[in-house]
Amino acid sequence: MAAATVSTGSSSTGPSSTGPSSTGPSRPRGHVRRALLPVGLALAVGLTACSGRPAGPGATTGAAPSPDATASATASPSPSDGVLGVPSVVPADSCRRAVDAMTPAEQAGQLVMVGYDLKGDTPGAGGKLIASQHLGSVLLMNTSSGGVSAVRTVTDALRTAAGSDGSGLLITVDQEGGQVKRLSGPGFASMPSAADQGGMTTPALTDSARRWGRDLHGAGVDIDLAPVADVVPPDLQAVNQPIARYGRGFGADPAAVGPHVAAFVSGLRSGGTGTAVKHFPGLGQVVGNTDFTTDVTDTRTTRHDPLLQPFAAGIDAGTDMVMVSTARYTRIDADHPAVWSSVVIEDMLRGDLGWHGVVVSDDLGVAKQVASVPAGERAVRFIGAGGDIAVTVDPALADDMAQAIADRAGSDPAFAAKVRASTLRVLDLKAERQRAHCRPA
């Protein structure tokens, strides 16, 4: 995520102490159409585009489809369905029925991702927390050097302890490479920093990412909260704390970064692991780190900024999620941090870039950037702005977040509709990852 944290770091993460095959799904999920781009940007996006949806900033679009229509539009299988655990898609109408059968508390729980400390927690206790709050997803925190089999023991135990009500448990991790690598040991291939990955050819990066995806898939991880699509301009390389300091970006030129983001996404997904492109609309033009600093503000990025192109490339490559940052962007929405901004999430991400899949927040648990707002309200504001999964690396706050979402849905029909739409997007993704068991009635 946005920062560099070792034991309690945010979903934006940072440093931890630590042969040809299918190229993966050709149908990018969550994407339904493509519109026009400025000429210069279109040339760059053309290098990485692989679908019929909007590829970048400046796109002109019509009204966004309803969540139900979007789910139906993404329900056709892709040529590589079933390869290395990338599943066939379950009919969208069965997931709609599953969502409608949920209680408000169960729907709310699907919209909270809770941190699990690999060194300090036990699967039994973690599973009990997940089950009691109906939580839908987990972020593996801290580090493990035990290797693939050791991590798989944990992820299997978490799923067993959490039980199954048909909605499944989505397990994620921050595994970018270099200093930001939670998992290592036997079975995990060497993973250089994104800065070093940026020096690889895109075919070589795709091949390497395919191996990394297989490793994570074998460890029971569904989604890697990577790659970083943020671009740090040359004049900010020396002072940018969240990205440049730790070598988390692929480079300083968006035209070069975009193809590398796409290569990482395509490779990881062909290895059986999903991705989350982050941190929209970018942490490349800030100085402070939102995990450790308040009032982190970007005064340069604009709605149709060329530096957004790598996010479009990741979307076109078929990413499973897009993560939104907690920084404030004065030239986009001066009144709200991105994670609470409908301009950023609805107008830019879902509108300009045509993304209708799952939107996940950067950490809303321990990040200093949002600490002044009560935990439950942080999650409510995110869902209200159009987001889907609120992340807290602090398990103690998961109850507050889930309860606040359910309470607001109970008193506000418009918000309840947002909760339902978000829950449907989450279950649709889980069905694709073979975690949710939506079945035709």
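Structure first, text after, so check above.
All figures in this text were calculated on a predicted structure; none of them were measured in a lab.

1. Concerning the pattern of salt bridges
Here the structure, examined in full by the defined rule, presents 17 salt bridges. Here Asp174 makes a salt bridge to Lys278, at a shortest N to O gap of 3.0 Å. In this pair, Asp174 is assigned in the loop between strand 3 (170-173) and strand 4 (175-177) and Lys278 in strand 7 (residues 274-280), connecting sequence segments 104 residues apart. Relative accessible area serves as the criterion here: at 0%, Asp174 is assigned to the buried category. Among the ionic pairs, Arg350 bridges to Asp388, the shortest N-O distance being 2.8 Å. You can see Arg350 sitting in helix 11 (residues 342-352) and its partner Asp388 sitting in the loop between helix 12 (375-384) and strand 13 (389-392), a full 38 residues away along the chain. We classify Asp388 as buried; its relative accessible area is 0%. In the salt-bridge network here, residues are joined through shared partners; they are Asp174, Glu176, Arg248 and Lys278.

2. Some thoughts on the pairing of strand 2 (residues 137-141)
Burial within strand 2 is extensive, with five of its five residues counted as buried. Neither face of strand 2 is open: one carries Ser137, Leu139 and Met141, the other Val138 and Leu140, and all of them are buried. Summarising the sheet, strand 1 (residues 112-117) and strand 2 pair through five bridges and their orientation is parallel. Directly across from Val114, in strand 2, lies its bridge partner Val138. Assessed by its sense of winding, the connection that carries the chain from strand 1 through helix 5 (residues 123-133) to strand 2 is right-handed. By the bridge criterion, four bridges tie strand 2 to strand 3 in an arrangement that is parallel.

3. Describing the packing of aromatic side chains
Overall, the coordinates contain three aromatic pairs when judged by the stated rule. Taken together, a centroid distance of 5.2 Å and an interplanar angle of 90° make the contact between Phe280 and Phe311 edge-to-face. Here Phe280, found in strand 7, pairs with Phe311, found in helix 10 (residues 309-316); they are 31 residues apart in sequence, far enough to count as distant. Taken together, the ring pairs in this structure connect Trp212, Phe250 and Phe264 into an aromatic cluster. Of note, Arg381 hangs over the ring of Trp340, and the distance from its end group to the ring centre comes to 4.9 Å. The residue whose ring lies beneath Arg408 is Phe415, and the NZ or CZ to ring-centre distance is 6.0 Å.

4. Points about the sheet that holds strand 1
If you trace the eight strands once around the closed barrel, you get 1-2-3-6-7-9-12-13, paired in parallel fashion. Bridge count for strand 7 against strand 9 (residues 321-324) is three bridges, and the pairing is parallel. Residue pairing in the sheet places Phe280 in a bridge with Val324 of strand 9. In the packing of helix 10 onto the sheet, the strands contacted are strand 7 and strand 9, and the crossing angle to strand 7 comes to about 160°. Across the sheet, helix 14 (residues 413-432) lies against strand 3, strand 9, strand 12 (358-363) and strand 13, angled at about 100° from strand 12, the strand it touches most.

Basis of the calculations
- Residues numbered from 1 in each chain as written.
- Predicted model: local features only at pLDDT ≥ 70, side-chain atom pairs only at ≥ 80, totals over all residues.
- Heavy atoms only, no water.
- Salt bridge = Lys/Arg side-chain N within 4 Å of Asp/Glu carboxyl O.
- Helix = DSSP H or I, 4+ residues; strand = E, 2+ residues; numbered from the N terminus.
- Buried < 20%, exposed > 50% of the residue type's maximum accessible area, 1.4 Å probe, protein only.
- Pairing = 2+ DSSP bridges.
- Right-handed = clockwise from strand over helix to strand, strands pointing away.
- Phe/Tyr/Trp six-rings, centres within 6.5 Å; stacked < 30°, edge-to-face > 60°.
- Lys NZ or Arg CZ within 6 Å of the ring centre and 35° of its normal.
- Contact = heavy atoms within 4.5 Å.
- Axes fitted to C-alpha atoms, helices over the stretch in contact; angles between N-to-C directions.

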